[in-house]
Every structure is written in C-alpha cells, then in structure tokens.
Amino acid sequence: MDNSCKIMITGGYGFVGTNLATYLKQDKDITLTALDIKEGNAPYDRYVSWDNLDNEELDSYDAIIHLAGMAHDTRGNAVDKELYFKVNTGLTQRIFDKYLKSKTKIFIFFSSVKAVADTVEGEFLTEDAVPYPKTPYGESKLRAEEYINSKEKDIDESKKVYILRPAMIHGPGNKGNLNLLYKTVSKRIPWPLGKFDNLRSFTSIENVCYTVKNMIRGKIPQGTYQIADDTPLSTNELIRLIAESQNRKPQIINMPQALIRCMAKAGDVLKLPLNSERLKKLTESYIVSNLKLKGALGIDTMPVSSTEGMIRTLNSFKNKKLTNTAL
C-alpha cells in the first residue's frame, strides 16, 4: 500500500481475525482496530467492544472487515435458531448501517458457502447457484447478504462492498472437524471411513489473507466471491497427510457404509462425537469453484496449494491443546 491504512476487523480475536491481523501487520503502514466482545491476544493497535460501537467514529477507517458471527454447530446441540439471526444477521446489519453513514470506503463481509447450499448439486458450486440453505447458520448468513444487497442504492459510488463466501477455512488456531481428525490419528485410532469416496474444498488461511489484502487495495471489482483452494481433498487424503505430519503410516479401514451410518444415528441420540451431521461433513463431496475470484485477481492458481496449506495447518497442531469445538 502506498499510504497508511486504518482497518477495523470485527470478531478480530477469533481464529480468522487473529491470523488476518498477523498477516496484515507485516505492513508497517497498516493500523488495526479489533471490534469484539472481549479483548484477546492478537497484534492489534486498538480494541473496541461492541458495547462501545455507537461511540466509535468510523470516518477515519479505510476498510471494515466483518468477521464476527456465530459459527455453525455440528455437535448436535440444541441451539436457539433465533440466536443465529441475532448474531449473524443482526450484527451485520448494525455494522453495515454504520458503515453506510461513514466515509469508510471498503466493506468486506465474510459470509459462507453454506449461505448457498448445504449439499452441492452437480459437479461444483458456483456464485450463480440459487441460494437454498437448510440450516439456521446458512439461512442467517444469507439473510445478512440479502440485507447488504438491499442497500445497493444507498451505497456511495466511491465505496466498494464485498461479500466473501469461503469454503472451510483452516490454519493455525483452527478448531472443528479437522481437529477431530487430527486427534483421532494421534491416538492411533484406525480411520473406518475408507469406503467413503468424496472430495471437499478447503481454504487455507494464507489464501484468505491474500484475497482480503487485494480487496483492501481495491484491486478487485466489488461483488460476491467464493474462495477455496484450487484442488479439493478427500477425507482419506486428509488422514494420510495427518499421519505423515506425525511420521506415522495411515491406518484406514473399509467398514461398510451402512454400519457407519447406523453408528452415526446412535451418536445423534447419545450425543457422541460421531453424529449424522458430522459424518455428512466428513464424507460428502462439496467442491467449490474459485474461478470468478481468480479471474478478478488476475491469477491462474491461488498462492498456496491445497496440500501445502493443509500441511502448514497440521504442523501448527503439534504440541497444541486441541478441542472438538466446531467451526
């Protein structure tokens, strides 16, 4: 960047916000403010709580990156549906309305591919797909997108608004199903899902950071973009990569799919780590197209390959306390 740049990141102390702040602070001309419910450990210059947002003057900011939201729960816990809309939709409306009244030029909203589809119909998911989310998480993210798009006539021509739909993001500090896989291999538990043949798109945090920085620079036309690594990975390939990161041979067995599904249904009732929702996430194919984004960036491949990014993430798990918290 040629001049100094002031950026506010909502949900700044979360997994993505922490990694993004570390990446952006490599540029000494960037000043970062975290907007979050409580202060955490990340390289921000200032902290603002949501309680004090009304008193925060946004005119001095060059960009707002809206990450704050309620994550998709895959543990089978009963979560109040309205809470998703209160957080994912409500907070977006609140910060976006304040952005519209300010002189801030760039607004980046982190939505999700789940705002479009829970299951991909056809070979892969594109931005042209008609949104049809089936979970409160996806519905609340889509509602936030719709609110932003409904304000198109109110947006000054000097402003740029981006909606970013990432596939599952991974990197240092990642929590969720990837951690569960890592713990399973660490305990030398054989992986019983070898019979499931799937491909899933992931997004390395490095590619997320690269994309966001180019948006902040204004080098990408405003609009809605999906983001994913170039090559999808199967769960079996993930098991192999995890085993290799631990200098072990992968232990993959081919239990009948019908038996696995029965076990997952039992997990729904008994609240076990393996339930139907988690089994679906681990074994279904979900391929996300990133062609529109790469076209806007003017590149043929994303900076970090699928395998390279995943290896970096897995290496970051070493000697770390892992949790089963879902993304």
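Residues numbered from 1 in each chain as written. Predicted model: local features only at pLDDT ≥ 70, side-chain atom pairs only at ≥ 80, totals over all residues. Heavy atoms only, no water.

The name given to the protein chain in an unreviewed UniProt entry is NAD-dependent epimerase/dehydratase family protein, and the organism recorded there is Candidatus Caccoplasma merdipullorum.

Let us look at the overall build of the protein chain. The helix and strand inventory of the protein chain stands at 10 helices and 9 strands. Taking the principal axes of the C-alpha coordinates as reference, the protein chain spans close to 60 × 40 × 35 Å. With 327 residues in all, the protein chain has 52% of them scored as buried. Across the protein chain, contacts joining residues at least 24 apart in sequence account for 78% of those joining residues at least 6 apart. Accessible surface, the protein chain: about 15600 Å² in total, of which carbon and sulfur atoms supply 49%. Treating the 46 positive side-chain charges of the protein chain as one cloud and the 39 negative ones as another, the clouds have centres 7 Å apart. (Helix = DSSP H or I, 4+ residues; strand = E, 2+ residues; numbered from the N terminus. Buried < 20%, exposed > 50% of the residue type's maximum accessible area, 1.4 Å probe, protein only. Contact = heavy atoms within 4.5 Å. Areas by Shrake-Rupley, 256 points an atom, 1.4 Å probe, with all protein chains shown as cover. Lys, Arg positive; Asp, Glu negative; His and termini not counted. Charge placed at Lys NZ, Arg CZ, Asp CG, Glu CD.)

Excluding glycine, most residues fall at negative phi; most peptide bonds, likewise, are trans. The phi dihedral of R188 is positive, around 60°, even though this residue is not glycine. For R188, the position within the fold is in the loop between α4 (177–186) and β8 (202–204). For R188, a relative accessible area of 52% translates into the label exposed. The backbone of K271 shows a phi angle near 60°, a positive value even though the residue is not glycine. You can see K271 is positioned in the loop between α7 (257–270) and α8 (276–283). For K271, a relative accessible area of 54% gives the class exposed.

Time to look at the packing of helix α1 (residues 15–24) against helix α5 (residues 205–216). α5 packs onto α1 with a crossing angle of 60° between their chain directions and a minimal axis gap of 10 Å. Judged on the interaxial angle alone, α5 and α1 are oblique. α1 and α5 meet at a crossing whose hand is right-handed. For the pair α1 and α5, contact is made by V16, N19, L20, Y23 and L24 and by I205, C209, Y210, V212, K213 and I216, respectively. Residue composition of the contact of α1 with α5, by class: 9 nonpolar, 1 polar and 1 charged. (Axes fitted to C-alpha atoms, helices over the stretch in contact; angles between N-to-C directions. Parallel < 35°, antiparallel > 145°, perpendicular 65-115°, else oblique. Left-handed = near helix turned anticlockwise from the far one by under 90°. Nonpolar A, V, L, I, M, F, W, Y, C, P; charged D, E, K, R; others polar.)

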